[in-house]
Structures are given as structure tokens and as C-alpha cells.
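# Notes for the structure review
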Number of protein chains: 2
Amino acid sequence: MSLKNNLAMAHEFMKKTITKNSITVDMTAGNGHDTLFLAEHSKSVYAFDIQEKALNNTKDLLNKQKLTNVTLIHDGHENIDRYIQEPVDGVMFNLGFLPGYDHKVATNHETTIEAIKKSMLLLSKNGLMSILVYHGQDSGFTEKEKVLEFVSTIDDNQFKVLKLSFENQRNYPPILILIEKK
Amino acid sequence: MSLKNNLAMAHEFMKKTITKNSITVDMTAGNGHDTLFLAEHSKSVYAFDIQEKALNNTKDLLNKQKLTNVTLIHDGHENIDRYIQEPVDGVMFNLGFLPGYDHKVATNHETTIEAIKKSMLLLSKNGLMSILVYHGQDSGFTEKEKVLEFVSTIDDNQFKVLKLSFENQRNYPPILILIEKK
């Protein structure tokens, strides 16, 4: 089976890019799954979330695996420039709400696009950003449209932008956007 | 660099699926590049083209590499069921016109969709079909729309359908559609 779901695809493409020397960023720590993945595959990770409970869940997950190479940041990812000035090889976004918690607390297109723009400035040559866009049920439609609109305008001399979408699945499977710095 | 162009992506996904025991099909032999790729990575290949010169170009390319595991078929790919009754692990389409020749002689959506449907019936479990859709310049727009419309209706209990599209590139880069039998 060569076609995995987009969550697994994001990890697969990221693994081809980041190394044990890489600085990486989880822009939406959530329950910590991507932070854990990045901590296992890079030198050090910055992980952002606006929700305290998300950071606590992430901390628990990392502690269980005895991983100590993560800096947790309790702030919106649109403020990334206040915390990171060095080049990063990998940046991951997982848009939407925190699974299991209030659907009204979710990423929104304005801060998401600001965060994408600021992350693009930090990406090293051949560095990769993955954006998993959840939409459907009660939210995420506007964010999906606005993010897709924005990424279509990115300068193709500087970045590649690839979209992966499952075309025949019901229940709104997430879309994956990959942005690679040339 | 983890993001290759869609031609290379098609080969990369196909390589994860086919083996030296696989029967494979090049639905559009063209100048023979996909036929050569399939001949090198599978047991035997059927290659279709409606243009004699395409088959001759393909034959020359295979002869240079001393490959003898290809059956060249001078017929439209929509007639695949007349030639193949056994399960196949990989099927490749490269839509559009033959590079370097008459743009008016090109694949068209009606026979393309018929050929896709018939190929789906031949795909083995976990078998993969790749469809590289060229569009732009003077042709291919209708075919692209019709093929995308068709693949969105494929039963998701039986097949996965993934679309890969570069969102910010000028000059109409080809779209890649991957169809995997569950």
C-alpha cells in the first residue's frame, strides 16, 4: 500500500527533509503527536499552543518517552518571530480545534496565515513546512479557503507549494499542503 | 529536497507498489519513458499507443537498453480489455499529446475515462494507477475537468483517489492523480 492518509504523508515527507541536526517547530502542539514525532527525528523542537491543557498533554507525552529536546511555548504561533531567530528545517501545522476539547477554540485563517508567512522567513534552503487542514463538521471551511488562496500566491521562484487531497472520500478528509524552500 | 515534480512523484509512488513479479501497463507509450521505467521495475509490460511513431520511438528506447519484456500494442487504450485479462499491479497514463508531434492528436476525456474504468477492473489489491494530466497551452482543459469530475465519484470503499497539484506554479504544471485499489 503506497497511499497513506495525509497525516502519515506529512510525516513521510518531513522525514525525508529533517535530520538529527535539524531545528524544527510544531506550530500547533495539540495533544503532542507531531511534537513527539519531531522530537524523535530532529535535534530540538519548539512547540507552540495557546491552550495550557494542550501543552500539558504534550509535556506528559514527552515525559513518557523521556524526551527533553522540546521547548514548549504558551503563545499563539503568529508570534513565532519573538521566540525563534535561527533557520529551521521543518515546520508542522495541524489546523482546526484540539481533538476532545471545545470546537470553538480553533486556529483561524488570519493568525494562521500570519504564522505561515513568518515561518517561511525562517525556513532553511530545502526546508519543509507541512500544513494539515482539517475542515468539515462545524468549522474550518473559511480557513481552508483562505489558506489555499494565500498559498497559491507564494512566489514560485522561492518556494514549491504542493497540495495533496483525497478526491473521493466522504467526511472531509484533511488536505495536506507542503511548502518547500528552494 | 523532498518535493519532486509530478512526473518523478508518479515514478516514486509506483516504485513502492510494483515488484519484479508485477504485470504492468503503460496506457500511453508516447516516447517510451514510462514504458522503459516499467520494464526496468516489473516482470512484463503492456504498452499502448494509437500512433505508430510513438511505438517505434518506444521500441528504439527499449532496444537500446536491451529490454525484451514489453508487448507493444497499436490500439487505443480504451480497448485494453481485448488484450489483458490478468490482474495488473501498476497502470500509468500520461495524458495530452505526443511531445514533439501534432498537438491535435491527443488523448480525449471520453476514451481516457473509458480506459481508466477498464483498468480499475484489472487492478490487483493494492495495485496503483497513476494519471499525469497535462493541461494548458492549446489543449487538455476539458479532459482535466472531466477526469477530475469522474475520479471524485469513484467508490471510496474500493479505491483511494489522491490528487497532487502544485498550487503556485505558472505554466500549468501537470496534475497527478493516483488511484489505489483497496
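Definitions and cut-offs
- Residues numbered from 1 in each chain as written.
- Chains lettered and ligands numbered in written order.
- Predicted model: local features only at pLDDT ≥ 70, side-chain atom pairs only at ≥ 80, totals over all residues.
- Heavy atoms only, no water.
- pLDDT = per-residue confidence, 0-100.
- Buried < 20%, exposed > 50% of the residue type's maximum accessible area, 1.4 Å probe, protein only.
- Helix = DSSP H or I, 4+ residues; strand = E, 2+ residues; numbered from the N terminus.
- Pairing = 2+ DSSP bridges.
- Expected span 1.5 Å × (residues − 1).
- Contact = heavy atoms within 4.5 Å.
- Phe/Tyr/Trp six-rings, centres within 6.5 Å; stacked < 30°, edge-to-face > 60°.
- Lys NZ or Arg CZ within 6 Å of the ring centre and 35° of its normal.
- Buried area = accessible area lost by both parts, 1.4 Å probe.
- Salt bridge = Lys/Arg side-chain N within 4 Å of Asp/Glu carboxyl O.
- Polar contact = N/O pair within 3.5 Å; in protein donor to acceptor, adjacent residues only side chain to side chain.
- Least-squares fit on C-alpha atoms with pLDDT ≥ 70 in both.

## Looking at the confidence of the model for chain A
Across chain A, pLDDT averages 93, with 98% of residues at or above 70. The ipTM, which scores confidence in the relative placement of chains, is 0.93 for this predicted complex, and the corresponding pTM is 0.94.

## Side note on the pairing of strand S7 (residues 175-181) of chain A
Residue and element names in this part refer to chain A. Of all the seven residues making up S7, six are buried; the element is thus mostly covered by neighbouring parts of the structure. Sheet topology places strand S5 (residues 123-133) next to S7; six bridges connect them, and they run antiparallel. Paired with Leu-128 across the two strands is Glu-180, which belongs to S7. As judged from the six bridges shared by strand S6 (residues 159-166) and S7, these two strands associate in the antiparallel manner. Paired with Lys-163 across the bridge in S7 is Ile-177.

## A few points about helix H3 (residues 52-64) of chain B
Residue and element names in this part refer to chain B. Look at H3: 19 Å from first C-alpha to last across 13 residues, which is about the 18 Å you get at 1.5 Å a residue. Contacts from the buried residues of H3 go to helix H2 (33-41), strand S2 (44-49) and strand S3 (70-74). A positive backbone phi angle near 55° is found at Lys-66, which sits one or two residues after H3.

## Overview of the packing of aromatic side chains
Going through the model one piece at a time under the given rule, you end up with four aromatic pairs over all chains. Judged by centre distance (5.4 Å) and plane angle (80°), the rings of Phe141(A) and Tyr172(A) are edge-to-face. One end of the pair, Phe141(A), is in helix H5 (residues 141-151); the other, Tyr172(A), is in the loop between S6 and S7, and 31 residues separate them in sequence. The exposure class assigned to Phe141(A) is partly exposed, which follows from its relative accessible area of 36%. Looking at Tyr172(A), the relative accessible area reads 46%, which means it is partly exposed. A cation sits over an aromatic face here: Lys181(A) above Phe159(A), 5.3 Å from the ring centre. Above the plane of the ring of Phe13(B) lies Lys16(B), whose end atom (NZ or CZ) is 5.3 Å from the centre.

## As for the interface of chain A and chain B
The interface of chain A with chain B comprises 31 residues on the first partner and 31 residues on the second. In total, chain A and chain B occlude about 2900 Å² of area from one another, counting both sides; carbon and sulfur atoms represent 52% of this. Area buried by chain A at its contact with chain B is led by Leu3(A), Glu167(A) and Asn168(A), which between them contribute 24% of it. Where chain A packs against chain B, one counts four salt bridges. At the surface where chain A touches chain B, the tally comes to 22 residue pairs in polar contact (both at pLDDT 80 or more).

## Structural notes on the pattern of salt bridges
All chains considered together, the criterion is met by 16 salt bridges over all chains. Among the salt bridges present, the one from Glu12(A) reaches Lys16(B), with a minimum N-O distance of 2.6 Å. Highlighted residues: Glu12(A) in helix H1 (residues 6-17) and Lys16(B) in helix H1 (residues 6-17), drawn from two different chains. With relative accessibility at 41%, the residue Lys16(B) sits in the partly exposed group.

## A look at the relation of the copies chain A and chain B
Look at the two chain copies: a rotation about an axis and a shift along it is all it takes to match them. Superposing chain A onto chain B takes a rotation of 180° plus a shift of 0.0 Å along the axis, which leaves an RMSD of 0.0 Å. What the rotation and shift describe, once combined, is the action of a two-fold rotation axis. Relative to the rotation axis, the closest C-alpha in chain A is found at Leu164(A), a distance of 2.4 Å. The residues that chain A uses at the interface reappear at the interface of chain B in 100% of cases, marking a shared surface.

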